[in-house]
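Listed below are the residues making up each chain.
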Amino acid sequence: GIHWNSGSTTFDKSFFNSNWQQAIANASGGWNAAGASWAFIGDSNSDYDWSTVYWPDSSKLADTTVTWESGSNHIISCGTVFNTRFPFSTDHTWFSYDVESVALHEFGHWLMLNHVSPTGPVMYGYLNMWQLKRSLTQDDINGIIAIYGS
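Each value, and the rule that gives it
Residues numbered from 1 in each chain as written. Predicted model: local features only at pLDDT ≥ 70, side-chain atom pairs only at ≥ 80, totals over all residues. Heavy atoms only, no water. Helix = DSSP H or I, 4+ residues; strand = E, 2+ residues; numbered from the N terminus. Rg over C-alpha atoms; globule rule 2.2 N^0.38 Å. Buried < 20%, exposed > 50% of the residue type's maximum accessible area, 1.4 Å probe, protein only. Contact = heavy atoms within 4.5 Å. Areas by Shrake-Rupley, 256 points an atom, 1.4 Å probe, with all protein chains shown as cover. Lys, Arg positive; Asp, Glu negative; His and termini not counted. Charge placed at Lys NZ, Arg CZ, Asp CG, Glu CD. Core = buried A, V, L, I, M, F, W, Y, C linked by side-chain atoms within 4.5 Å. Polar contact = N/O pair within 3.5 Å; in protein donor to acceptor, adjacent residues only side chain to side chain. Phe/Tyr/Trp six-rings, centres within 6.5 Å; stacked < 30°, edge-to-face > 60°. Pairing = 2+ DSSP bridges. Axes fitted to C-alpha atoms, helices over the stretch in contact; angles between N-to-C directions.

Trainee: Tell me about the overall build of the protein, residues and numbers included.
Mentor: Helix and strand counts for the protein stand at three helices and seven strands. The globule rule puts the C-alpha radius of gyration for 150 residues at 15 Å, and the 15 Å found for the protein is close to it. Along the first, second and third principal axes, the C-alpha atoms of the protein reach 40 × 35 × 30 Å. When the 150 residues of the protein are sorted by exposure, 42% land in the buried category. If you take every contact in the protein between residues at least 6 apart in sequence, the share linking residues at least 24 apart comes to 69%. Entry remark: accessible area of the protein is about 7,500 Å², with carbon and sulfur atoms responsible for 48%. Here the protein contributes 5 positive and 13 negative side-chain charges, whose respective centroids are spaced 8 Å apart.

Next up, the structure:
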């Protein structure tokens, strides 16, 4: 299937303030600790980035775009945008969406994990306001190990 060719990739979170940068770094660390042969590495010079966009008619909190080579199925670019139509916070502010929880989910898409139907895993396709999902479940871990090995 589609996957990163190497055991790691860099990502640039420098677009954001320090609180958002830390939340995104924490999210990458969650995947790094999953026991797979894989690592995310923060790097402000990376071509793979995080940013924001305003989609007034979208119900998506964020969106990840992945591009790959058709012959090899190796990922060649990736990026995520947060939809600023919605309120986000890094400190569990009431009536907002948690940056770290959304970033943890979107990093799963960077790894080519799809949405799942059980509501517990990080890769479930919906998040409620004020809901925290900052830890991977065994289902999430099994997904990354199935793609990248342990």
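Once you've had a look at it, read on.
Trainee: Tell me about the environment of I24, and name the residues and values.
Mentor: Relative to the assigned elements, I24 resides in helix α1 (residues 18-32). With relative accessibility at 0%, the residue I24 sits in the buried group. When the C-alpha positions of I24 and G42 are compared, they lie 9.2 Å apart, and in sequence the two are 18 residues distant. In this view, I24 contacts F11, K13, F16, W50, F82, V99, A103 and F107; residues no more than four positions away in its chain are not counted.

Trainee: Tell me what's going on with the nonpolar core, and back it up with residues and numbers.
Mentor: W31 and F82 are the most contacted members of the largest nonpolar core, which has 38 residues in total. Mapped by element, the contributors of at least two residues to this core are α1, β4 (62-68), β5 (75-83), α2 (99-110) and α3 (138-148). The element best represented in this core is α2, accounting for six residues.

Trainee: Give a description of the environment of H105 that names residues and reports values.
Mentor: Inspection of the secondary structure puts H105 in helix α2. Accessibility expressed as a relative area gives 9% for H105, which makes it buried. A sequence separation of 29 residues divides H105 from R134, and the C-alpha atoms of the two residues are 9.0 Å apart. When residues no more than four places from it in sequence are discounted, the contact partners of H105 are H115, V122, M123, Y124 and G125. For H105, the side chain forms a polar contact with the main-chain oxygen of V122, separated by 2.7 Å. A polar atom in the side chain of H105 sits 3.4 Å from the backbone oxygen of Y124.

Trainee: I'd love a proper account of the packing of aromatic side chains, names of residues and values included.
Mentor: Under the defined criterion, the tally for this structure stands at 23 aromatic pairs. Ring geometry for W20 versus F82: centroids 5.0 Å apart, planes at 70°, classification edge-to-face. Of the two residues, W20 sits in helix α1 while F82 sits in strand β5, which places them 62 residues apart along the sequence. The exposure class assigned to F82 is buried, which follows from its relative accessible area of 0%.

Trainee: So what about the sheet that holds β5? Which residues, and what values?
Mentor: Taken together, three strands build an open sheet; the order of strands is β3-β5-β4 and the sheet is mixed. Strands at the two margins of the open sheet, each flanked by one partner only, are β3 (49-53) and β4. For this sheet, the mean inter-axis angle between neighbouring strands, taken without regard to orientation, is 25°. As defined by bridge partners, β4 adjoins β5 across seven bridges and the pair is classed as antiparallel. Across the sheet, residue T64 finds its bridge partner in β5, namely T80. Contacts between α2 and the sheet are confined to β3, β4 and β5, with β5 contributing the most and set at about 155° to the helix.

Interpretation note: all reported values are geometric properties and have no functional meaning in isolation.
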